[in-house]
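Remarks on the overall topology
Letter by letter, the chains look like this.
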Amino acid sequence: KDMTFANKGTAHFSLEQDRALLCAVDKHGYGNWDAVREELRKDNELIFQHTVQGMNSDMIGKRCDYRMRQMEKELEMREKKLKSEKPLTVVAAQRAIDAIKEMERWEVDAREMQLKGEEPPHLDILSEEGQEIMKQRLDERVPFIDRIREIEVQVRGCKKLADETRKSIIRGDQYVNYSNITLKAGGPHTTGNAVNGITRKGINVEARINPVILHVPECGQCKFCLDTKSRKLCVKRQEVRKRAIVEADKSEELNESAQAKVKDKKVKTNGKKRMRDGSNPPKGSKKKETQTVKKKPARPSIGENNRGNPLGNKKMEVSDDILPELCRRIGARGTNKRMKVINEFVKDHPETSLRQVTMKFSNITTKTLPACVPPPEKHAGRAFCFFLRPRYYHLLPEDERPDEWKKYAKEDEVVWKEECKTKAKDKAKKEQKIKDMMEDASKLQASETESMDVSLDFSTATSSVANTTGFLDGEETEDDEPVKKKKKKRKIH
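Here we summarise the structure given alongside this text. (Residues numbered from 1 in each chain as written. Predicted model: local features only at pLDDT ≥ 70, side-chain atom pairs only at ≥ 80, totals over all residues. Heavy atoms only, no water.)

**Details of the overall build of the protein chain**
Per the secondary structure count, the protein chain includes 14 helices and 2 strands. Accessible area for the protein chain stands at about 38200 Å²; split by element, carbon and sulfur atoms hold 54% of it. (Helix = DSSP H or I, 4+ residues; strand = E, 2+ residues; numbered from the N terminus. Areas by Shrake-Rupley, 256 points an atom, 1.4 Å probe, with all protein chains shown as cover.)

Have a look at this one:
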């Protein structure tokens with residue numbers, strides 16, 4: 001039934017008749033034309049087809065020979081065609097080339113539409129291979145586009161700082177900071193895929209206003225439009241951009257003020273004290289006023305190799321939200337790659353610092369093997385293994401926690417409290433020792449000042465006595481000098 005022929009033959013014989021003929025020959029054998037004729041006459045599908053019912057043995061033989069020759073020719077043609085076809089690798093390469101050409105045409109159309117402020121065409125017009133490759137390319141471009149938009153936000157912040165500095169200079173302020181006009185001061189810098197909330201707002205604003213700006217047609221008269229090598233915006237578009245940025249800043253300020261009001265209301269409602277039965281406290285009772293302090297948003301680090309704290313002495317500590325991830329990286333079985341774990345964690349979480357992560361690592365780990373953890377495999381060399389303290393096992397996933405971990409966690413909690421007490425005592429002893437040393441130093445300084453005062457008094461007294469005696473001797477000699485001269489004169493005469 002699935003048999004087909006390239007050459008259908010004459011109009012007297014249909015495709016179904018030829019199929020039935022060849023099937024009957026295959027059943028009864030070549031040359032048994034009488035049996036083949038009887039088989040065709042008994043076929044229910046060919047009862048009313050007189051061309052087949054009226055065929056004799058010779059006609060059946062001729063028709064069978066004709067169709068068999070045709071089938072042999074068709075098989076030879078198919079084999080030649082298969083040999084002449086290209087291999088699968090060549091076909092795959094041709095498909096890839098076609099996909100690349102499609103993507104190039106799509107990129108050209110998308111660029112033209114985006115420069116006009118319109119959305120790019122949909123990816124459905126591409127083939128499946130082209131869609132997959134194009135999605136990967138677009139995903140790879142996202143961080144670079146975000147970084148360019150982030151630089152725009154930083155430059156805008158630098159210009160704002162420069163205007164404020166210029167105004168302070170014109171006012172004649174006493175203290176003017178000239179060194180704060182940098183990209184770092186204009187806005188936070190992101191590393192990798194980690195983006196701060198403030199930076200993300202600026203990036204979203206740039207992404208929202210860019211199509212609006214590009215939708216405005218160029219004037220064609222300004223120097224930027226006439227210069228073909230210039231990459232700056234048209235003057236008309238620059239004016240639209242300034243207005244859009246001002247409107248976006250105003251809307252953000254309104255949103256922030258609305259959010260601050262909502263937070264204040266929540267704090268006030270939560271700050272009211274209530275009795276156990278749900279009633280308000282009596283009027284005579286004192287109420288503690290809750291003050292809402294706006295915290296500055298934490299800014300990430302500045303690069304991987306130059307890890308500084310852009311907020312000065314503000315701690316970039318490991319928060320409770322990301323502490324479970326640090327515990328998971330250490331694991332219950334511990335790790336002997338301490339610095340690798342710390343550096344990778346700092347790289348993935350730029351809001352922390354290397355120093356704070358190192359301190360937290362030393363606080364949550366121990367070199368002694370917990371009893372609930374099997375001993376690790378021994379490696380060549382002197383390698384220390386750091387194990388997670390059992391009191392932090394509750395931060396691990398359930399499938400990574402050791403057996404009977406709660407028991408050992410309680411024991412480690414008691415040990416940790418004792419360690420805290422000993423640390424507090426040692427700290428108090430050190431402070432008392434420093435205090436005693438300071439008191440001794442102040443006493444010694446006071447005694448030295450007293451001795452210096454006594455010596456100064458004695459020296460002043462002796463100098464005054466010497467001056468008085470010298471003054472008296474001088475008076476006597478001055479009175480006696482004229483008498484002596486007179487005596488000498490008298491002797492001469």
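What follows picks up the thread again.
**Description of unusual backbone geometry**
A positive phi is found at Glu 404, a non-glycine position, where the angle reads about 55 degrees. Structurally, the position occupied by Glu 404 is in the loop between strand E2 (387-388) and helix H14 (405-492). For Glu 404, a relative accessible area of 55% gives the class exposed. (Buried < 20%, exposed > 50% of the residue type's maximum accessible area, 1.4 Å probe, protein only.)

**Side note on helix H11 (residues 323-330)**
Leu 323, Leu 326, Cys 327 and Ile 330 are the residues of H11 that are buried. Down the axis of H11, the smallest arc covering the buried residues is 100 degrees, so these residues share one side. Looking at the buried positions of H11, the neighbouring elements they touch are helix H12 (338-348), helix H13 (354-364), strand E1 (365-366) and E2. Gly 331 lies just past H11 and shows a positive phi near 80 degrees. (Arc of directions from axis to C-beta. Contact = heavy atoms within 4.5 Å.)

**What to know about the layout of surface pockets**
Estimates place the volume of the largest pocket at around 2200 Å³. For the largest pocket, the lining is made up of 43 residues, of which Leu 115, Ile 148, Asn 210, Leu 214 and Leu 233 are closest to its centre. Looking at the lining of the largest pocket, the elements with two or more residues in it are helix H5 (88-115), helix H6 (128-171), helix H8 (197-214), helix H9 (223-226) and helix H10 (235-271). With 11 residues, the single largest contributor to the lining of the largest pocket is H6. Here the residues of the lining of the largest pocket sort into 19 nonpolar, 6 polar and 18 charged. (1 Å grid on protein atoms, 1.4 Å probe; cavity = no way out; pocket = protein on both sides within 12 Å on 5 of 7 lines; lining within 4 Å. Points joined across faces, edges and corners; volume = space filled by probe spheres on them. Nonpolar A, V, L, I, M, F, W, Y, C, P; charged D, E, K, R; others polar.)

**Here's the deal with the packing of H11 against H12**
Viewed as axis vectors pointing N to C, H11 and H12 meet at an angle of 150 degrees, and their least axial separation amounts to 11 Å. In terms of orientation, H11 and H12 fall into the roughly antiparallel class. Crossing of H11 over H12 shows right-handed handedness. Across the interface between the two elements, Glu 325, Leu 326 and Arg 329 from H11 touch Val 341, Glu 344, Phe 345 and Asp 348 from H12. Here the residues of the contact of H11 with H12 sort into 3 nonpolar, no polar and 4 charged. (Axes fitted to C-alpha atoms, helices over the stretch in contact; angles between N-to-C directions. Parallel < 35°, antiparallel > 145°, perpendicular 65-115°, else oblique. Left-handed = near helix turned anticlockwise from the far one by under 90°.)

**Topic: the side chain of Asp 412**
Here Asp 412 lies in helix H14. Accessibility expressed as a relative area gives 10% for Asp 412, which makes it buried. Apart from residues no more than four positions distant in its own chain, Asp 412 is found in contact with Arg 389, Pro 390 and Arg 391.

**A few points about the environment of His 215**
Assignment of secondary structure puts His 215 in the loop between H8 and H9. Classification of His 215 as exposed rests on a relative accessible area of 54%. A sequence separation of 102 residues divides His 215 from Met 113, and the C-alpha atoms of the two residues are 9.7 Å apart. When neighbours within four sequence positions are excluded, His 215 is seen to be in contact with Lys 116 and Gly 117.

**Considering a positive patch on the surface**
A cluster of basic residues, Lys 159, Lys 223, Lys 232 and Lys 242, forms a positive patch on the protein surface. Take Lys 232: it is sitting in the loop between H9 and H10. Assessed through its relative accessible area of 57%, Lys 232 is described here as exposed. (Patch = residues over 30% accessible without salt bridge, like charges linked within 9 Å, V, L, I, M, F, W, Y side chains within 5 Å. Salt bridge = Lys/Arg side-chain N within 4 Å of Asp/Glu carboxyl O. Lys, Arg positive; Asp, Glu negative; His and termini not counted. Charge placed at Lys NZ, Arg CZ, Asp CG, Glu CD.)

**Things to note about the pattern of salt bridges**
For the structure on display, the rule yields 13 salt bridges. Notably, a salt bridge pairs Glu 39 with Lys 27, separated by 3.6 Å at the nearest N-O pair. Remark: Lys 27 occurs in helix H1 (residues 15-28) and Glu 39 occurs in helix H2 (residues 33-42); sequence separation between them is 12 residues. You can call Glu 39 partly exposed: its relative accessible area is 29%. By relative accessible area, Lys 27 is classed as exposed at 57%. Across the salt bridge formed by Glu 152 and Arg 241, the nearest N and O atoms sit 3.3 Å from each other. Of the two residues, Glu 152 is situated in helix H6 and Arg 241 in helix H10; the sequence distance between them amounts to 89 residues. For Arg 241, a relative accessible area of 15% translates into the label buried.

**Quick word on the packing of H1 against H2**
Viewed as axis vectors pointing N to C, H1 and H2 meet at an angle of 130 degrees, and their least axial separation amounts to 9 Å. The orientation of H1 relative to H2 falls into the category oblique. Crossing hand, H1 versus H2: right-handed. Contacts between H1 and H2 pair Ala 20, Leu 21, Ala 24, Val 25, Lys 27 and His 28 from the former with Trp 33, Ala 35, Val 36, Glu 39 and Leu 40 from the latter. Counted by class, the contact of H1 with H2 contains 8 nonpolar, 1 polar and 2 charged residues.

**So, the nonpolar core**
Within the largest apolar cluster, 24 residues are counted, with the highest numbers of intra-cluster contacts made by Leu 323, Leu 326, Cys 327, Ile 364, Leu 388 and Tyr 393. Mapped by element, the contributors of at least two residues to this core are H11, H12, H13 and H14. Ignoring sequence-local partners within four residues, the contact set of Leu 323 consists of Val 318, Lys 360, Ile 364, Tyr 392 and Leu 395. Core analysis: the next-biggest nonpolar cluster, separate from the first, contains 13 residues, Ala 24, Val 36, Leu 46 and Ile 60 among them. (Core = buried A, V, L, I, M, F, W, Y, C linked by side-chain atoms within 4.5 Å.)

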